[in-house]
Amino acid sequence: MRHPTSPASGHSATSSGEPLAAARSRRPGRPVRLRAGRTATGLTAGLTAGLLLAAAAACGGGTTSGGGNGSPKTLTYWASNQGADIAADQRVLKPELAKFEKQTGIKVQLEVVPWTDLLNRILAATTSGQGPDVLNIGNTWSASLQATGGLLPFDAKTMAEVGGAQRFVPAALASAGAKGKDPAAVPLYSTAYGLYYNKKMFADAKLDPPKTWQEMVDDGRKLTRGGVHGIAIEGASIPENVHAAFNIGQMYGADFFTPDGKPQFATPQAVAAIKSYVGLLGTDKVAASGNAEYSANQSINDFATHKAAMLMWQTTTSGFTNLGMKAGEWGVVPIPAPSPAPPGGRPVTSMVGGINLAVFKNTDNHDGALKFVEFMTGDDEQKILNKAYGSLPPVTAAQGDPAFDTPDTRVFKDILASHAAPLPQVPAESQFETAVGTAMKELFADAAAGRPVTDEKIKAKLEAAQQQMAK
């Protein structure tokens, strides 16, 4: 989801036109929003247990006493806070909801829910059976919420009612629920991770954008001088840590869960990936030691204010311009992979970040809810909404709009289409984020304090994180 980011989860707050990534600072992710994230990393083991227990309860839609959706002419919609604040989201969404009402005669009662409240609100709704008709969820929550049974499955018939699965970018749709099951939602906003770089700093140093991880480290060393560091990272951000572990882990061939959903955090591939990431601060010293305490998008501020030459981040534009950068001052390339590729490594450089749109299973207005999903994921609305939030449309046809044909968006569209994968779509995914993200936060603290971060220490931290999954 973004983080807000943002990504996004997240993986920063955005203005009405700001990218999801920036919005996530709040975000889950950190929850950064969306970070898709910025993400649902605030879901603790106890909450995950609540998700699963909720499956036995009356799940899903309907309305609260004030919801007013007993009538087929009314819908309730919980939108996630994607913009700089709730008012910004209302400015973006209300004209579009009025358009939907004019087309269908169905009035949508909108509530923009802060990321800090959204997951708890959803859990309470699935337990009580009283909730909205339609709602946004961070895409990394999909399998966890799917396991409650509270969301309407998008089987072939239901998917056809909203235009068909073929309309969506496959990687984005893969983030909508567990493999082998009907999706629990459909994609609404998408983001991906890339490596942003400061064009002037690279030109002054006569450097080209890095194509390999080692080139990135070497460039970072050359650019680290006079109060400027080669790269900025968010070492205390649980979602950002997990996103990096997944992104880099894919390059090393790491799988954090077995095919049947059992955690396996401490694999050699995962250890190697995390070591390379924490090493940017510890051994390579291309990130400032203070980055170990960053958790609220300080790294995006360092990049935008020219204190760092590179930044791994989810799709964003306003995240930089709101902090004073001018368009054209930065470029973006895929996160560089190790070279040669490790045995078993995959051509994946990014998680699929974003927000999905779900329907409560026991909505009182099934047909109206699906009409609303069809509207929100229609080509025209996808262009309007994703322009406003600085995200990428997960609907393929909408990506042809000129707004999504900039140098940055061309890079991110290619990453999303060919080099992105969803975070593990398992019910325990959110516990995984919390456990592994916290372990990495502790490793960054060790690195900042000058304590060696060895393979053995990383493995021990990951083993301890895995043990927490059983509690």
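Residues numbered from 1 in each chain as written. Predicted model: local features only at pLDDT ≥ 70, side-chain atom pairs only at ≥ 80, totals over all residues. Heavy atoms only, no water.

J.: Whenever I open this one, the overall build of the chain confuses me. Can you help?
T.: A count of helical and extended segments in the chain gives 18 helices and 11 strands. Sorting the 471 residues of the chain into buried and exposed places 60% on the buried side. (Helix = DSSP H or I, 4+ residues; strand = E, 2+ residues; numbered from the N terminus. Buried < 20%, exposed > 50% of the residue type's maximum accessible area, 1.4 Å probe, protein only.)

J.: Which parts of the structure should I look at to understand the sheet that holds strand β4 (residues 186-191)?
T.: Within a sheet, adjacent strands bond to each other through the backbone by hydrogen bonds, running parallel or antiparallel. With respect to topology, five strands assemble into an open sheet ordered β2-β1-β3-β10-β4, the strand pairing being mixed. Both edges of this open sheet fall to β2 (107-113) and β4, since each of them pairs with a single strand only. Adjacent strand axes in the sheet meet at a mean angle of 20 degrees, parallel and antiparallel pairs treated alike. Two strands pair when backbone bridges link them, and strand β1 (residues 74-80) and β2 are joined in this way by seven bridges, in the parallel orientation. Opposite A79, over in β2, you have V112 as the bridge partner. (Pairing = 2+ DSSP bridges. Axes fitted to C-alpha atoms, helices over the stretch in contact; angles between N-to-C directions.)

J.: Which parts of the structure should I look at to understand the side chain of T191?
T.: Tracing the chain through its elements places T191 in strand β4. Given the relative accessible area of 0%, T191 is considered buried. At 2.3 Å, the side chain of T191 forms a polar contact with the side chain of Q314. (Polar contact = N/O pair within 3.5 Å; in protein donor to acceptor, adjacent residues only side chain to side chain.)

J.: Looking at this model, I keep getting lost on helix α15 (residues 379-389). Mind explaining?
T.: Each α-helix turn comprises 3.6 residues. Residues three or four places apart therefore point the same way. Where α15 is concerned, the buried positions are E381, Q382, L385, N386, A388 and Y389. Projection of α15 onto a plane perpendicular to its axis shows the buried side chains occupying an angular sector of 155 degrees, all on one side. Downstream of α15 by a residue or two, G390 has a phi angle that is positive, lying close to 70 degrees. (Arc of directions from axis to C-beta.)

J.: Is there a simple way to explain the environment of T454 in this structure?
T.: When you line up the elements, T454 lands in the loop between α17 (429-448) and α18 (455-468). Taking the C-alpha atoms as reference points, T454 and K275, 179 residues apart in sequence, are found 7.6 Å from one another. Of the polar contacts made by the side chain of T454, one reaches the backbone nitrogen of K457; its length is 3.1 Å.

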